[in-house]
Each structure stands twice: as C-alpha cells, then as structure tokens.
Amino acid sequence: MSSPPPGQPIRVLIVDDDALVRAGLSMILGGAGDITVVGEAADGDEVPKMVAEHRPDVVLMDIRMSRVDGLTATERLRAAVPAPEVVILTTFHADAQVLRALRAGAAGFLLKDTPPGDLVAAVRKVGAGEPILSPVVTRQLIAHVSEGGAGSRRERALSLLAGLSEREREVAVAVGQGRSNAEIATELYMSVATVKAHVSRILAKCDLNNRVQVALVVHDAGQL
C-alpha cells in the first residue's frame, strides 16, 4: 500500500489480545496530530474485515493471539494487493516468529515496552514507506534464532541476486548494509531518483515487499 497523501494522517489499526495494551497504544498514537487510530482488533481473525473496512496504512500486530496469531495474519495481509504495512509487536528481541514475519513482508518489529516517542516515530517512518529494522538488528536476530533450511535459502537468495544487473546488485548490497537512498546515491555516484528506480526494480524482480526483505536476501546470500 502506498504512503498516505501529503497532509493526510497515517491511518493505524491496532491488533492485540490485551485490552490494556490496545488502550495504551491508542492513547499514545492518538496524541500525535498526524496519526489516526482507525480501529482495534483483539485477534488475527478479525484483521481482514477490519482492514477492508478501515483501510489502514499501518497495522500494529501482536505476534501471539489465541485464534489466529500475528504471523499467520501478517502472511495473509502481505499476500493481498494492495496491502498495509505491518509492524510486529513483541516482548522478545529474538524470536523465530518475528523473523518469519519479516520474511513474510513485515516492515519491522517493536517491543511492547518501546518508549512512546519512539513508537510514534516508528509509525511515522513506516507510514512514509521506510522500514524500521536496521540490517544490524536483522543480523543479530538471525544470529540468535535457530532456523532450518539455511542451505535452500542461500540457494534462493543467490539465484535472486543473479537475476539482477550488476548495478542493481550493488544497490541491493548497499540496502542490506543499511544505507539510505541518499547515502547510496553518494556512494555509487548516481542521483537519488536513480537509486529509487533501482530499488523499485529490485523489489519487482525479486518479488519482495520492502527493503527489510532485500536485506534478508543479501544476508542469506552471504553478501553482508
């Protein structure tokens, strides 16, 4: 889903099975003039209907819920077109479900004890189409979570990178290193607009949702 039009508030849906958590998040975000909480859901099975009804730009998604967990709900949402951005809410720094959600297309994750100012800043960033997970955090998460299938992921990642042009591979590695578009432009001697065009082509060619997934592919391919 594209970013909200300039001047329009970022529309947020909160999904958490704890009513106190939902109330706290709603209070924090509701105090920001450029963010509107358009709805609350207590379980992942309520998400499709709420998204269809309220058209949020960002969904704050609890990872553990009783009927449909946040991972399943995220995978279903990100498979739809257009899809809102998803930010995972968790109490754990390193969690296999968080990493799976990132591979499914989540824009990042936030701990439930994130300070209010950082929470608002993160929603603004995601609402502007930027991920909130740095490649450093991605590498730490991968390092602390034991996953199966590393060999097949490496083969897939190498195959995806092989399908890119040399310039696109350079941009992909720079994205994986956490560089901003402006930093990549300076480093690779191109305009910011050209960098954005390369990133868009990388996402399209590799069938990826966002820069976090680009970073994961670069990591899986052993390029970081």
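Residues numbered from 1 in each chain as written. Predicted model: local features only at pLDDT ≥ 70, side-chain atom pairs only at ≥ 80, totals over all residues. Heavy atoms only, no water.

Draft legend 1. Inspection of the overall build of the protein at higher detail. Secondary structure assignment for the protein yields 11 helices and 5 strands. For 224 residues, the compact-globule formula gives about 17 Å, and the C-alpha radius of gyration of the protein, at 17 Å, lands near that figure. Principal axes of the C-alpha set define a box for the protein whose edges measure 50 × 40 × 30 Å. Burial status across the protein gives 48% buried among its 224 residues. Counting contacts in the protein only where the partners sit at least 6 residues apart, residues at least 24 apart contribute 66% of the total. For the protein, the computed accessible surface area is about 10500 Å², with 53% contributed by carbon and sulfur atoms. The protein carries 24 positive and 27 negative side-chain charges, and their two centres are separated by 5 Å. (Helix = DSSP H or I, 4+ residues; strand = E, 2+ residues; numbered from the N terminus. Rg over C-alpha atoms; globule rule 2.2 N^0.38 Å. Buried < 20%, exposed > 50% of the residue type's maximum accessible area, 1.4 Å probe, protein only. Contact = heavy atoms within 4.5 Å. Areas by Shrake-Rupley, 256 points an atom, 1.4 Å probe, with all protein chains shown as cover. Lys, Arg positive; Asp, Glu negative; His and termini not counted. Charge placed at Lys NZ, Arg CZ, Asp CG, Glu CD.)

Draft legend 2. Representation of the sheet that holds strand S1 (residues 10-15) in the model. Judged by pairing direction, the sheet is parallel, and its 5 strands sit side by side in the order S2-S1-S3-S4-S5 without closing on themselves. With one partner strand each, in any of the chains shown, strand S2 (35-41) and strand S5 (108-111) form the two edges of the open sheet. Adjacent strand axes in the sheet meet at a mean angle of 25° when their direction is disregarded. Where S1 and strand S3 (residues 58-62) come together, 4 bridges link them in parallel fashion. Its bridge partner lying in S3, Ile 14 is registered against Leu 60. Its contacts with the sheet put helix H5 (residues 116-127) on S1, S2, S3, strand S4 (85-90) and S5, and the angle it makes with S3 is roughly 130°. (Pairing = 2+ DSSP bridges. Axes fitted to C-alpha atoms, helices over the stretch in contact; angles between N-to-C directions.)

Draft legend 3. A look at helix H7 (residues 150-162). Between its first and last C-alpha atoms H7 spans 18 Å; for 13 residues at 1.5 Å apiece the expected length is 18 Å, and the two agree. Buried-residue contacts for H7 involve helix H8 (166-176), helix H10 (192-206) and helix H11 (211-220). (Expected span 1.5 Å × (residues − 1).)

Draft legend 4. Quick look at the pattern of salt bridges. Inspection of the entire model under this criterion finds 13 salt bridges. As a salt-bridge pair, Lys 112 and Asp 16 come within 3.0 Å of each other at their nearest N and O atoms. With Lys 112 in the loop between S5 and H5 and Asp 16 in the loop between S1 and helix H1 (19-30), this pair connects stretches of sequence that are 96 residues apart. What makes Asp 16 buried here is its relative accessible area of 0%. A salt bridge links Asp 220 to Arg 153; its shortest N-O distance comes to 3.9 Å. (Salt bridge = Lys/Arg side-chain N within 4 Å of Asp/Glu carboxyl O.)

Draft legend 5. Focus on the packing of H1 against H5. Interhelical geometry of H1 versus H5 gives an angle of 70° and a closest axis separation of 10 Å. The angle between the axes of H1 and H5 places the two elements in the roughly perpendicular class. In this structure, H1 uses Leu 25, Ile 28 and Leu 29 to contact H5, whose residues at the interface are Pro 116, Leu 119, Val 120 and Val 123. Residues that form the contact of H1 with H5 fall into these classes: 7 nonpolar, no polar and no charged. (Parallel < 35°, antiparallel > 145°, perpendicular 65-115°, else oblique. Nonpolar A, V, L, I, M, F, W, Y, C, P; charged D, E, K, R; others polar.)

Draft legend 6. Quick look at the side chain of Asn 210. When you line up the elements, Asn 210 lands in the loop between H10 and H11. Residue class for Asn 210 comes out buried when judged on its relative accessible area of 8%. At 3.4 Å, the side chain of Asn 210 forms a polar contact with the backbone oxygen of Ala 106. Side-chain polar atoms of Asn 210 contact the backbone nitrogen of Gln 213, separated by 3.0 Å. (Polar contact = N/O pair within 3.5 Å; in protein donor to acceptor, adjacent residues only side chain to side chain.)

Draft legend 7. Region of the structure containing helix H3 (residues 70-79). Among the residues making up H3, those that are buried are Gly 70, Leu 71, Ala 73, Thr 74, Leu 77 and Arg 78. Buried residues in H3, looked at end-on, bunch into an arc of 160°, giving them a common side. Facing away from the buried side of H3 by more than 90 degrees, the exposed set consists of Arg 76 and Ala 79. Where the residues of H3 are buried, they touch helix H2 (47-54), S3, S4 and helix H4 (96-104). With a side-chain oxygen lying 3.2 Å from the backbone nitrogen of Leu 71, the N-terminal cap of H3 falls on Asp 69. (Arc of directions from axis to C-beta.)

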